[in-house]
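Single-letter residue listing:
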Amino acid sequence: MAHARILLIGGSGFIGSQVAARLAAAGRRVTVPTRRYERARHLLPLPTVEVRVADIHDDAQLGRLVAQADAVVNLVGILHDRRGTPWGAGFEQAHVRLPARIAAACAASGVRRLLHMSALGVREDGEPSLPSMYLRSKAAGERAVRAAPTLDWTIFRPSVVYGPGDRFLNLFARLQAWLPVMPLGRADARFQPVFVGDVAQAFVNALDRPVTHGRCYELAGPEVLTLRQLVALAGVHGGHRRPIVALPDTLGRLQAALLEFAPGPTLMSRDSFDSMSIDNVASGPIAAELDLTPTPLGAIAPAYLRRGPAPFGTERMRARR
Ligand SMILES: NC(=O)c1ccc[n+]([C@@H]2O[C@H](COP(=O)([O-])OP(=O)(O)OC[C@H]3O[C@@H](n4cnc5c(N)ncnc54)[C@H](OP(=O)(O)O)[C@@H]3O)[C@@H](O)[C@H]2O)c1
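Just so it is clear, the structure is predicted and the values come from calculations on it, not from any experiment.

If you tally the helices and strands in the protein chain, you get twelve helices and 13 strands. A compact globule built from 321 residues would reach a C-alpha radius of gyration of about 20 Å, and the protein chain, at 19 Å, matches this within 12%. If one aligns the C-alpha atoms of the protein chain with their principal axes, the spans along those axes are about 55 × 40 × 40 Å. Here the protein chain, with 321 residues, has 48% of them falling under the buried criterion. In the protein chain, the share of contacts with a sequence separation of at least 24, taken over all contacts with a separation of at least 6, comes to 75%.

Structure (structure tokens):
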């Protein structure tokens, strides 16, 4: 095994928990740093996974964690942030500075292998023309990873990720349980949802494969669906299908602005609305060397939507993430 000890940054999250489980199943020793122990407590039953409370934005703490690893996986990301120029402080810290600091820590410790999570829609050349701060800051983070001369990096760009505990289909199912109708901005935006298990497996499969070094991979499922179709599907399988009222863009953006300032978890923001002005669809099938057959939505989503949101998902909603 080329990389036995993995530092899994962002490993307590929705996707990270699946990556941790699969790395543990493959016999790797995994360290998951977290800001709050209780957010990673669900990982404790996994053999070979260790949870450590750490501030990864502190160079000394990050350096010590990286120095004890053979490879680093970085999954840290946030969907919403305050607005700013060129983007908010949260995007700057999580999407831009952190990848650059991880790359520097890897160089300092002689760790060569880095797997980095980006997002579908990001293009190497396209930073200024990307429609949202989320995508532009992710592009800047990718640039920092690519620029690191000593790294064997691999970058992943998934479309929206679904699975038990997701905050996409579960959210639409929950909203339809509360609301008599679903007012929906960007109803015709197109997505290619990818199963969280497939995303996690892509990371695990790439880890020891040199052919993936210096490559960027789109990850998407087998079907392209509009937002309207996805909301309808969440309604049907969640047991509360409501009529969908597609909003024109001006009203959709106003709705996003109102939701941005509403109390409780941020369900939507103007930036997310802006992200949806471009299709979230892959340019081709998943690369053969990742050795994945993407799982159809219908094979997974109905069962967990019928059960309702998992406690894990509910916890994270309350935590405003
Ligand atoms: N979910 C999707 O549909 C989707 C689609 C495309 C790309 N992605 C990308 O995939 C990655 C993981 O997404 P996810 O859905 O699994 O997210 P998530 O459930 O919110 O998990 C985020 C993880 O990042 C950590 N984190 C967040 N903000 C941080 C900060 N400011 N400083 C330090 N740690 C921070 C959290 O650790 P703590 O334990 O410390 O809270 C948590 O482990 C992100 O980069 C996201 O942009 C996700």
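The next subject is the packing of helix H4 (residues 89–109) against helix H5 (residues 133–146). The description of two helices packed together rests on the angle between their axes and the distance between the axes. Their axes nearest at 8 Å, the elements H4 and H5 cross at an angle of 5°. The angle between H4 and H5 places the two elements in the roughly parallel class. Taking contact as the criterion, the partners of Phe91, Glu92, His95, Val96, Pro99, Ala100 and Ala103 in H4 are, on H5, Met133, Tyr134, Ser137, Lys138, Ala140, Gly141, Ala144 and Val145. In terms of residue class, the contact of H4 with H5 is built from ten nonpolar, three polar and two charged.

Right, let's talk about the site of the ligand for a bit. The environment of the ligand is formed by 26 residues, the closest being Ser12, Gly13, Thr34, Arg35 and Gly77. Residue assignment for the shell around the ligand shows that the elements contributing at least two residues are helix H1 (14–25), helix H2 (37–40) and H4. The biggest single contributor to the shell around the ligand is H1, with three residues. When grouped by side-chain class, the residues that make up the shell around the ligand number 14 nonpolar, eight polar and four charged.

What follows deals with the confidence of the model for the protein chain. Of all residues in the protein chain, 96% attain a pLDDT of 70 or more, and the chain-wide mean is 95. Confidence drops under pLDDT 50 across residues 312–321; counting only partners more than four residues distant or on other chains, this segment forms 13 contacts.

Moving on, we come to H4. The first and last C-alpha atoms of H4 sit 28 Å apart over 21 residues, in line with the 30 Å expected at 1.5 Å per residue. Along its length, H4 shows its largest kink, about 40°, at arginine 97, and proline proline 99 lies within four residues downstream of that point. Along H4, the residues that are buried comprise Phe91, Ala94, His95, Val96, Leu98, Pro99, Ile102, Ala103, Ala105 and Cys106. Count one or two residues on from H4 and you reach glycine 110, which has phi positive near 75°.

Now for the nonpolar core. Formed by 94 residues in total, the largest nonpolar core has its most connected members in Leu8, Val72 and Phe203. Counting residues per element, this core draws most heavily on H4, at eight residues. When residues are assigned to domains, this core turns out to be shared by domain 1 (5–159 + 195–219) and domain 2 (169–190 + 223–282 + 295–318), each giving three or more. Residues within four places of valine 72 in sequence aside, it is in contact with Leu7, Ile9, Val66, Ile102, Cys106, Val111 and Leu114.

What counts, and where the lines are drawn
- Residues numbered from 1 in each chain as written.
- Predicted model: local features only at pLDDT ≥ 70, side-chain atom pairs only at ≥ 80, totals over all residues.
- Helix = DSSP H or I, 4+ residues; strand = E, 2+ residues; numbered from the N terminus.
- Rg over C-alpha atoms; globule rule 2.2 N^0.38 Å.
- Buried ≥ 20, exposed ≤ 12 C-beta atoms within 10 Å, placed from the backbone.
- Contact = placed C-beta atoms within 7 Å.
- Axes fitted to C-alpha atoms, helices over the stretch in contact; angles between N-to-C directions.
- Parallel < 35°, antiparallel > 145°, perpendicular 65-115°, else oblique.
- Nonpolar A, V, L, I, M, F, W, Y, C, P; charged D, E, K, R; others polar.
- Near = placed C-beta within 6 Å.
- pLDDT = per-residue confidence, 0-100.
- Expected span 1.5 Å × (residues − 1).
- Bend = angle between axes of the 7 residues up to and from the residue.
- Core = buried A, V, L, I, M, F, W, Y, C linked by C-beta atoms within 7 Å.
- Domains from an automatic or database assignment.

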